[in-house]
Amino acid sequence: MTAVTGESTPTAAPRVLGAPLDSREAPQLLRGEARYVADIDLPGTAHMAILGSPVAHARILSIETKAAEQLPGVLKVATAADFADVMPLPCIWIPGGVESHFPPHPYGVPGARPVLSGDTVRHVGDPIAVVVAETPHQAAAALAAIAVDYEPLPVVTRADHALADGAPQLHEAVPGNLNAYWTCGDKDRTDAAIARAEVTVELDLVNQRTINSPIEPRGAVGDYDAATGEYTLYASTQGPHNHRFLLSALVLGIPFNKLRVIAPTVGGSFGTKGYLYPDMALVLLLSKALRRPVKWVDTRTGLMNSTVQGRDHRQHVVLAGTRDGRITAVRCTSYANLGAYPSTIGPGVATALMGRSITGMYEIPTAFCEVYAAFTNTVPLGAQRGSGRAEAAFLMERLVDRYAGEIGMDPAEVRRRNLVPKEKFPYDNGLGWTYDSGDYRVNFDRALELAGYADMPARKAEARARGKRLGVGLATYVAVCGVGPSTRMSKEGMLGGTWESANIRVHPTGEVAVTVGSASTGQSHHTVFAQVAAEELGIDPAAVQVYQGDTQKAPYGQGTYGSRSYSMAAPAVALTARKIKNKLVRAGAVLLGVHEDRVVYEGGAVHEQGNPQNAKTFAELAMALWYGWGLPPEIEPALDETTHFDPPDFNYPFGTHVAVVEVDELTGETEVVAYTAVDDAGNIGNPAIVRGQIEGSIVHGLGQALMEAAVYDEQGLLLTSDLDTYALPRAADAPFFTLDKTVTPTPHNPLGAKGAGEIATVPPAAAVVNAVVDALSDLGVTHIDMPLTPEKVWRRLRGEAQ
């Protein structure tokens with residue numbers, strides 16, 4: 001470690017940061033000792049069950065609850081009439097800079113949905129009543145005794161159909177079901193470039209709706225203390241601080257300091273648990289009414305009918321270029337399905353995250369994207385790992401392959417000719433993002449080298465001899481990550497700040513407590529944030545304990561989403577540690593009896609420059625500051641510092657993925673036989689943890705490409721509402737991965753870190769579809785809609801149209 005003299009500066013050589021330390025969280029997870037919401041059993045807990053609508057769109061004519069109320073163990077049955085004074089849930093990310101329409105909210109913010117629907121249901125699973133009973137089984141049994149009389153209404157499940165004349169209307173305040181018409185880029189220049197282009201290619205794409213499937217369904221426990229008037233919510237949440245504010249101020253109308261939110265171990269999220277849901281308010285309200293804790297844990301089918309779903313864009317896309325492989329323009333018209341209600345941040349996910357990302361890693365002179373965001377009778381739309389950016393990468397990478405085929409050029413060469421050159425960073429993509437740093441050419445060539453791209457013709461011939469069709473697919477991506485910056489996010493329509501925070505306390509024994517506002521959903525925060533603090537302070541990471549997920553103990557923070565924890569919360573930890581280190585240098589000067597300029601901070605201790613015997617250890621310094629004896633007035637006792645970090649801009653990780661597939665000519669079954677990924681997330685804190693995130697992200701993307709789809713019938717019934725009908729990838733569906741990285745640090749945070757947690761979900765669907773189309777290209781196949789099921793591929797092998 002490089003010595004630091006006088007005013008502390010960042011250490012130059014890593015000691016623990018960047019090392020693949022074992023995850024601290026893994027042992028308790030593997031042994032089943034982690035404490036989830038379902039494991040919280042407070043004394044006197046009652047159990048809540050939610051009655052969801054069995055129909056997608058109907059007026060509620062009557063609800064009869066008397067029979068349910070009389071069943072054994074039932075404590076309370078409640079409907080919307082019982083919560084008339086409760087405000088609806090809010091939406092806090094609207095399409096920025098354009099007119100938008102939402103259900104009303106008395107606070108003056110956009111409204112989302114009521115905690116219980118009282119007059120109209122708008123999707124299957126829409127909550128209309130709750131039962132609280134002594135046991136979960138009694139509560140569930142009582143739901144069947146509630147009689148509801150519905151008047152069916154017409155149903156619409158596609159965004160483009162919802163905007164058509166005469167379509168069923170979902171919300172009185174949203175004429176024509178149009179939440180917003182949002183655009184980015186230059187329409188006139190783009191249309192002109194397309195009109196004069198030597199070559200144009202067009203595609204109609206369906207980026208199908210998919211269902212988030214974390215291992216832990218959602219859950220909530222509400223506990224009201226009548227003596228103090230305080231509420232405590234235990235919830236499976238990505239953002240306890242945000243949920244505390246939204247619930248107290250915008251839903252319940254109670255003082256902020258009367259609500260505490262605790263996130264215990266969270267078993268995955270993929271974006272689903274950053275949202276407000278009715279159950280959170282309901283367990284609190286019912287706990288107050290019954291004067292006892294109330295607990296609710298969802299089922300898998302309940303999750304699929306109520307937790308936000310992902311993707312769901314129908315797009316018409318156009319690419320223009322020259323005969324020698326230069327892309328001159330790209331245009332996208334997208335119909336985004338927001339579902340029945342706007343989720344907490346759904347409209348922003350469907351617009352900015354997708355639209356501003358469509359040019360990817362390419363230097364394209366002009367681009368334009370327009371999004372029609374519409375309401376339909378389906379489960380509300382929200383984030384899904386890589387949300388928006390995955391949809392953008394899919395359309396761009398499919399277009400590039402079609403363009404390469406049209407001009408008779410190798411798809412790799414077309415991509416190489418259009419990559420943003422290294423010397424042009426920072427690079428304005430013309431759609432609203434300014435890429436921070438990158439060497440795309442090195443990244444791209446490394447991926448092709450590792451994948452053996454030059455050997456593919458020989459491998460294709462060998463596969464055909466075995467009755468298989470081998471195909472190779474390329475996909476590149478840029479993923480905007482690191483949400484904030486707060487001011488910029490406000491322009492994108494975010495109604496709130498997006499900075500992050502960290503606090504460090506050094507105990508008198510020399511042990512360190514790091515408390516962060518970001519809450520883990522499986523990203524190993526306890527491990528990585530300890531590494532950051534230990535690296536900065538020059539101490540053993542075993543001496544660092546990390547705390548999170550409790551609004552009563554943690555500094556305010558925005559939470560974990562959008563691959564932001566390591567590039568937002570970790571810099572806050574690092575900057576706070578530097579404050580601690582600088583104070584130790586100042587205090588060390590007093591204790592060593594020398595001028596501050598002669599104090600060297602090294603290896604977690606201070607000593608006099610040139611005289612290492614005159615020294616104080618980290619523990620000695622901590623104890624001295626704890627006592628506070630003999631300190632000058634300008635040095636406060638104790639070591640307790642906090643930082644709130646708001647970056648100047650986003651960060652932009654990127655990468656290149658190569659999928660190799662074999663398609664069975666007899667069955668149409670697609671097997672991914674090799675997968676290469678070279679990603680660039682800047683400086684990495686723990687490569688072992690990032691590797692796990694990369695592998696999981698790839699499998700997530702493979703699932704969408706090959707098997708996952710939320711299927712609704714014409715009446716709005718979700719046909720894929722359990723794991724018997726909704727396919728998820730298993731270990732046997734994933735190949736061994738060849739993974740590598742390039743490193744281009746971002747200038748936007750002191751660690752040079754870019755997002756990593758979801759970035760590798762962005763390109764796999766495009767890479768796999770490109771590979772399958774390549775395998776079938778000699779049959780004239782130019783596109784197949786996802787998911788590429790064996791039946792669908794089998795039909796194309798036999799010449800049937802899509």
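Criteria and cut-off values
Residues numbered from 1 in each chain as written. Predicted model: local features only at pLDDT ≥ 70, side-chain atom pairs only at ≥ 80, totals over all residues. Heavy atoms only, no water. Helix = DSSP H or I, 4+ residues; strand = E, 2+ residues; numbered from the N terminus. Rg over C-alpha atoms; globule rule 2.2 N^0.38 Å. Buried < 20%, exposed > 50% of the residue type's maximum accessible area, 1.4 Å probe, protein only. Contact = heavy atoms within 4.5 Å. Areas by Shrake-Rupley, 256 points an atom, 1.4 Å probe, with all protein chains shown as cover. Polar contact = N/O pair within 3.5 Å; in protein donor to acceptor, adjacent residues only side chain to side chain. Pairing = 2+ DSSP bridges. Axes fitted to C-alpha atoms, helices over the stretch in contact; angles between N-to-C directions. 1 Å grid on protein atoms, 1.4 Å probe; cavity = no way out; pocket = protein on both sides within 12 Å on 5 of 7 lines; lining within 4 Å. Points joined across faces, edges and corners; volume = space filled by probe spheres on them. pLDDT = per-residue confidence, 0-100. Parallel < 35°, antiparallel > 145°, perpendicular 65-115°, else oblique. Left-handed = near helix turned anticlockwise from the far one by under 90°. Nonpolar A, V, L, I, M, F, W, Y, C, P; charged D, E, K, R; others polar. Salt bridge = Lys/Arg side-chain N within 4 Å of Asp/Glu carboxyl O.

Draft legend 1. Layout of the overall build of the chain. The number of helices and strands found in the chain is 21 helices and 29 strands. The globule rule puts the C-alpha radius of gyration for 802 residues at 28 Å, and the 28 Å found for the chain is close to it. Dimensions along the principal axes, computed over C-alpha positions, put the chain at roughly 85 × 75 × 50 Å. Among the 802 residues that make up the chain, the fraction classed as buried is 61%. Considering only residue pairs separated by 6 or more positions, the chain has 80% of its internal contacts joining residues 24 or more positions apart. By element, 52% of the accessible surface of the chain is carried by carbon and sulfur atoms, the whole surface being about 29100 Å².

Draft legend 2. Focus on the side chain of Thr333. Examined against the element boundaries, Thr333 turns out to sit in strand β15 (residues 327–337). Thr333 gets classed as buried once you look at its relative accessible area, which sits at 11%. Side chain to side chain, Thr333 and Arg331 meet in a polar contact 3.1 Å long. For Thr333, the side chain forms a polar contact with the side chain of Glu370, separated by 2.6 Å. Contact partners of Thr333, with chain neighbours within four places excluded, come to Arg314, Gln315, His316, Glu370 and Tyr372.

Draft legend 3. How the structure looks around the sheet that holds strand β29 (residues 737–741). The four strands lie next to each other as β19-β27-β28-β29, forming an open sheet whose pairing is mixed. Lying at the two open borders of the sheet, with one neighbouring strand each, are β19 (468–478) and β29. Adjacent strand axes in the sheet meet at a mean angle of 10° when their direction is disregarded. The sheet contact formed by β19 and strand β27 (residues 654–664) spans eleven bridges and is antiparallel. Directly across from Gly473, in β27, lies its bridge partner Ala659.

Draft legend 4. A look at the pairing of strand β25 (residues 611–617). The pairing of strand β24 (residues 605–608) with β25 spans four bridges and is antiparallel. Within the sheet, the bridge partner assigned to Glu608 lies in β25 and is Asn611. Once β24 ends, the chain turns through two residues before running back antiparallel as β25, passing Gly610 with a positive phi of about 85°.

Draft legend 5. Geometry of the side chain of Thr190. Looking at where Thr190 falls in the secondary structure, it is placed in helix α5 (residues 187–195). A relative accessible area of 0% means that Thr190 is categorised as buried. A distance of 2.6 Å separates a polar side-chain atom of Thr190 from the backbone oxygen of Asp186. Contacts of Thr190, omitting those with residues within four sequence positions, involve Ala329, Val330, Arg331, Thr366, Ala367 and Phe368.

Draft legend 6. Just the sheet that holds strand β21 (residues 512–516), in detail. The four strands lie next to each other as β22-β21-β20-β26, forming an open sheet whose pairing is mixed. Of all strands in the sheet, those bounded by a partner on one side alone are β22 (544–547) and β26 (639–645). Sheet twist, expressed as the mean angle between neighbouring strand axes with direction ignored, is 15°. Here strand β20 (residues 500–506) pairs with β21 via five bridges, running antiparallel. Across the sheet, Val506 pairs through a bridge with Val512, a residue of β21. Where helix α16 (residues 525–537) meets the sheet, it contacts β21 and β22, and its direction lies at approximately 135° from that of β22.

Draft legend 7. Up close: the layout of surface pockets. By volume, the second largest pocket amounts to about 610 Å³. In this structure, the second largest pocket is lined by 29 residues; those nearest its centre are Ile50, Trp296, Asp298, Thr299 and Gly302. Those elements that provide at least two residues to the lining of the second largest pocket are β2 (46–52), α3 (136–143), α7 (278–290), β13 (294–297) and α8 (300–306). The biggest single contributor to the lining of the second largest pocket is β2, with five residues.

Draft legend 8. Representation of the environment of Leu575 in the model. Tracing the backbone through its elements, the reader meets Leu575 in helix α17 (residues 565–592). Judged by relative accessible area, Leu575 falls into the partly exposed class, the value being 25%. Beyond its immediate chain neighbours, meaning those up to four positions away, Leu575 contacts Thr643, Phe645 and Pro750.

Draft legend 9. Molecular detail of the confidence of the model for the chain. Here the chain shows a mean pLDDT of 96. Residues at 70 or above account for 98%. Contacts for the low-pLDDT stretch residues 1–14, under 50 throughout, to residues beyond four places or in other chains number 36 contacts.

Draft legend 10. Spotlight on the packing of helix α12 (residues 411–418) against helix α13 (residues 440–451). Two numbers describe how α12 lies on α13: the axes approach to 10 Å, and their chain directions differ by 165°. Considering the angle they form, α12 stands roughly antiparallel to α13. Crossing angle aside, the handedness with which α12 passes α13 is left-handed. Of the residues in α13, those in contact with Ala412, Arg415 and Arg416 of α12 are Arg441, Phe444, Asp445 and Leu448. Split by residue class, the contact of α12 with α13 holds three nonpolar, no polar and four charged.

Draft legend 11. Seen up close, the pattern of salt bridges. Across all of its chains, the model carries 43 salt bridges by this definition. Residue Arg469 is joined to Asp778 by a salt bridge in which the shortest nitrogen-to-oxygen separation is 2.6 Å. With Arg469 in strand β19 and Asp778 in the loop between α20 (764–775) and α21 (790–797), the pair connects residues that are 309 residues apart, well separated along the chain. Arg469 gets classed as buried once you look at its relative accessible area, which sits at 6%. Between Glu536 and Lys581 there is a salt bridge whose closest N-O contact spans 3.6 Å. Of the two residues, Glu536 is situated in helix α16 and Lys581 in helix α17; the sequence distance between them amounts to 45 residues. Its relative accessible area of 4% is what places Glu536 among the buried residues. Classification of Lys581 as buried rests on a relative accessible area of 0%. Here the salt bridges do not stand alone but share partners, grouping Glu413, Arg416, Arg417, Arg441 and Asp445 into one network.

Draft legend 12. Here's a closer look at the pairing of β13. As judged from the two bridges shared by β2 and β13, these two strands associate in the parallel manner. The residue bridging His47 from the neighbouring strand is Lys295, located in β13.

Draft legend 13. Structural context of empty space enclosed by the protein. The full count for this structure, using the stated rule, is four cavities of 30 Å³ or more. Here the largest cavity is characterised by a volume of approximately 110 Å³. Classifying every residue of the lining of the largest cavity gives eleven nonpolar, three polar and one charged. In this structure, the second largest cavity encloses a volume near 60 Å³. Along its surface, the second largest cavity is lined by Asn207, Arg311, Ala390, Glu391, Phe394, His700, Gly701, Gln704, Thr761, Val762, Ala765 and Met786. Contributions of two or more residues to the lining of the second largest cavity are made by α11 (389–407) and α19 (687–706). Along the lines of polarity and charge, the residues of the lining of the second largest cavity split into five nonpolar, five polar and two charged.

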